[in-house]
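Spelled out, the chains give:
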Amino acid sequence: MVANGGVIDSVAMSNTPTNTKQVSRSLAAVWHPCTQMKHHEQFPLVPIARGEGAWLIDYEGNRYLDAVSSWWVNLFGHANPRINAALKAQLDTLEHTMLAGFTHEPVIELSERLGKLTGLGHAFYGSDGASAVEIALKMSFHYWRNSGQTGKTKFVSLEGSYHGETLGALAVTDVAIFRDAYGPLLNNNLLGPFPGPRATSGDAACCAECVLPALSALEKLLQERHREIAALIVEPLVQGAAGMRMYHPDYLRRARALCSQYGVHLIADEIMTGFGRTGTMFAFEQAGIKPDLVCLSKGLTGGYLPLSCVLASDEIYAAFYDDHTARGFLHSHSYTGSALACRAALATLNIFAADAVIEKNCDKAQRFGALASALAQHPRVRNFRHLGMIWALEVDSAGKQFAREFFARALKRGVLLRPIGNTVYFMPPYVVADDEFAWLVKQTIGAIDDLEAP
Ligand SMILES: Cc1ncc(COP(=O)(O)O)c(C=O)c1O
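Report on the accompanying structure.

1. Describing helix H16 (residues 434-450)
For H16, which comprises 17 residues, the first-to-last C-alpha distance of 24 Å matches the rise-based estimate of 24 Å (1.5 Å per residue) to within 8%. Taken residue by residue, H16 has Glu 436, Phe 437, Leu 440, Val 441, Gln 443, Thr 444, Ile 445, Gly 446, Ala 447 and Ile 448 as its buried positions.

Laid out in structure tokens, this is it:
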């Protein structure tokens, strides 16, 4: 109680956030990403008061299982005590300093550790995933320029690719809903076929033979146009935004060989697939290859702070090392290599090492697969597929707004799911427990059964 109670208490009360208040304040002031704001007249905006493990909790205490790891970033749960402690200690030491001309312990140690994990020499930092993609594209182009090959101005990406939404990243993205409006602003790049059946419309089982037609097409493209092509950029093993489309590692192995043969860089965009999502630390490991450039973000900080990183081969780094300033890589962002974000990344890597996360996830994924069998066999479910800590399926539904309707129904059941078209997927934080996963499966089946039949 405060001394002159009434007045102050009622002011304090009126400032107490509630679900309704937070939603109306947000709709009045925040332009939400990837959203037609008018849809919020019909579909809920969810105000989150706090997070706890795999759960998000609103102002009325409703709990939502974060089955998509808050846009694929969270690995070890919300408000993780170990990451929190590391950040609190870093806050009292150094929050940030510019990285041009300066350096600090968290960025040095993180670069050393990422270098060891990827086998690539130097780490260049950005903020979000798209900025890493911009960096990798510019680095590749500039490498060839520094090497006297100024005609290499194009990039090859794959049908259905998603590499982010800044203009350079969008120019190597092939998802119409994100790209079409900005088409006139985008450079003309080249597309190679997706290496496998379209998991969202046919048989999801992808075999080594499935990748052969796409490899022949890639070979033809590189053979004919390698003088114009700086790099091939891929999402290794899984195209996320296209609807969790999975393909066989043989494609990567043989694409790597073709890139080396034709003098084209291979950029592995591991922004979604990195940090254990596909079962290995990085997806490219499953093909036994080494890319020339690797883009990392999302899980890099365990879902805590915006940070991205491009790791480059020694050969690429060496091509910029020169007396002439203009031959250097003069790209920068103000928050490049933020000490706080690097500390969150180090705390995340410590958890991987201390808890043998990759090994434990392997057992966990097997148990989760068994727990999901009723969903896989549901009569309205097609193409149930799985890789590492990703599960995906298509739902037969008559609803034209399937993704939004399913999101709303799942939310009522306490589950955060964000389908892509008719593709429902689980990409939970690694801390999700067996009983939570079983409950997620049950609620997903319930949400499917609630929907209008086709
Ligand atoms: C493979 C891939 N690349 C790039 C990005 C872009 O990352 P950001 O949204 O952090 O810019 C994403 C985001 O989903 C992604 O999945």
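2. Section: the pattern of salt bridges
As enumerated under the stated definition, the model contains 14 salt bridges in all. With a closest N to O distance of 3.1 Å, Arg 113 and Glu 109 form a salt bridge. Residue Arg 113 and its partner Glu 109 are both found in helix H5 (residues 105-118); the two are separated by four residues, about one turn of the helix. Across the pair Arg 382 and Asp 396 runs a salt bridge, and its minimum N-O distance is 2.8 Å. Of this pair, Arg 382 sits in strand E13 (residues 381-387) while Asp 396 sits in the loop between strand E14 (390-395) and helix H15 (402-412), placing them 14 residues apart in sequence. Residue Arg 382 is classed as partly exposed on the basis of its relative accessible area of 32%. Ionic contacts of the salt-bridge type, sharing partners, join the residues Arg 50, Glu 52 and Arg 63 into one network.

3. What to know about helix H12 (residues 339-354)
When the terminal C-alpha atoms of H12 are compared, their 22 Å separation across 16 residues agrees well with the 22 Å that a helix rising 1.5 Å per residue should span. Along H12, 13 of the 16 residues are buried, which leaves the element largely enclosed by surrounding structure.

4. Remarks on the nonpolar core
Ranked by size, the top nonpolar core spans 104 residues in total, and within it Leu 114, Leu 232 and Phe 275 carry the most contacts. Ignoring any residue separated from it by four or fewer positions in sequence, one finds Phe 275 in contact with Leu 75, Leu 114, Met 281, Phe 282, Leu 296, Ser 297, Gly 299, Leu 300, Leu 349, Phe 352 and Tyr 430. Among the nonpolar cores identified, the runner-up in size contains 26 residues, and Ala 136, Val 172, Ala 230 and Ala 312 belong to it.

5. Description of the state of the cysteines
What we call a disulfide is simply a covalent bond connecting the sulfur atoms of a pair of cysteines. A complete count under the given rule lists zero disulfides for this structure. Just so you know, Cys 259 is unpaired, no disulfide at all, and the nearest cysteine sulfur is the one on Cys 295, 14 Å from it. The structure places no disulfide on Cys 342, whose sulfur is separated from the nearest cysteine sulfur, that of Cys 309, by 8.3 Å.

6. Section: the packing of aromatic side chains
In the structure shown here, the tally under the stated rule is 20 aromatic pairs. Consider the rings of Tyr 247 and Tyr 251, whose centres lie 5.7 Å apart with planes at 85°: the pair is edge-to-face. The burial state of Tyr 247 is the same as that of Tyr 251; both residues are buried. With centroids separated by 5.3 Å and ring planes inclined at 25°, the aromatic side chains of Phe 402 and Phe 406 adopt a geometry described as stacked. Taken together, the positions of Phe 402 and Phe 406, both in helix H15 and four residues apart, correspond to about one turn of that helix. Like Phe 406, Phe 402 is buried. In this structure an aromatic cluster arises from ring pairing among Phe 76, Phe 275, Phe 282, Phe 284, Phe 352 and Tyr 430.

7. A short note on the layout of surface pockets
For the second largest pocket, the calculated volume is near 820 Å³. Considering the residues around the second largest pocket, the lining is formed by 31 residues, among which His 122, Ala 123, Phe 124, Tyr 317 and Phe 329 are closest to the centre. Among the secondary structure elements, those contributing two or more residues to the lining of the second largest pocket are H5, strand E4 (122-126) and helix H11 (314-320). Across the lining of the second largest pocket, the residue classes break down as 17 nonpolar, 12 polar and two charged.

Here is what the cut-offs are and how they apply
Residues numbered from 1 in each chain as written. Predicted model: local features only at pLDDT ≥ 70, side-chain atom pairs only at ≥ 80, totals over all residues. Heavy atoms only, no water. Helix = DSSP H or I, 4+ residues; strand = E, 2+ residues; numbered from the N terminus. Expected span 1.5 Å × (residues − 1). Buried < 20%, exposed > 50% of the residue type's maximum accessible area, 1.4 Å probe, protein only. Salt bridge = Lys/Arg side-chain N within 4 Å of Asp/Glu carboxyl O. Core = buried A, V, L, I, M, F, W, Y, C linked by side-chain atoms within 4.5 Å. Contact = heavy atoms within 4.5 Å. Disulfide = S-S within 2.5 Å. Phe/Tyr/Trp six-rings, centres within 6.5 Å; stacked < 30°, edge-to-face > 60°. 1 Å grid on protein atoms, 1.4 Å probe; cavity = no way out; pocket = protein on both sides within 12 Å on 5 of 7 lines; lining within 4 Å. Points joined across faces, edges and corners; volume = space filled by probe spheres on them. Nonpolar A, V, L, I, M, F, W, Y, C, P; charged D, E, K, R; others polar.

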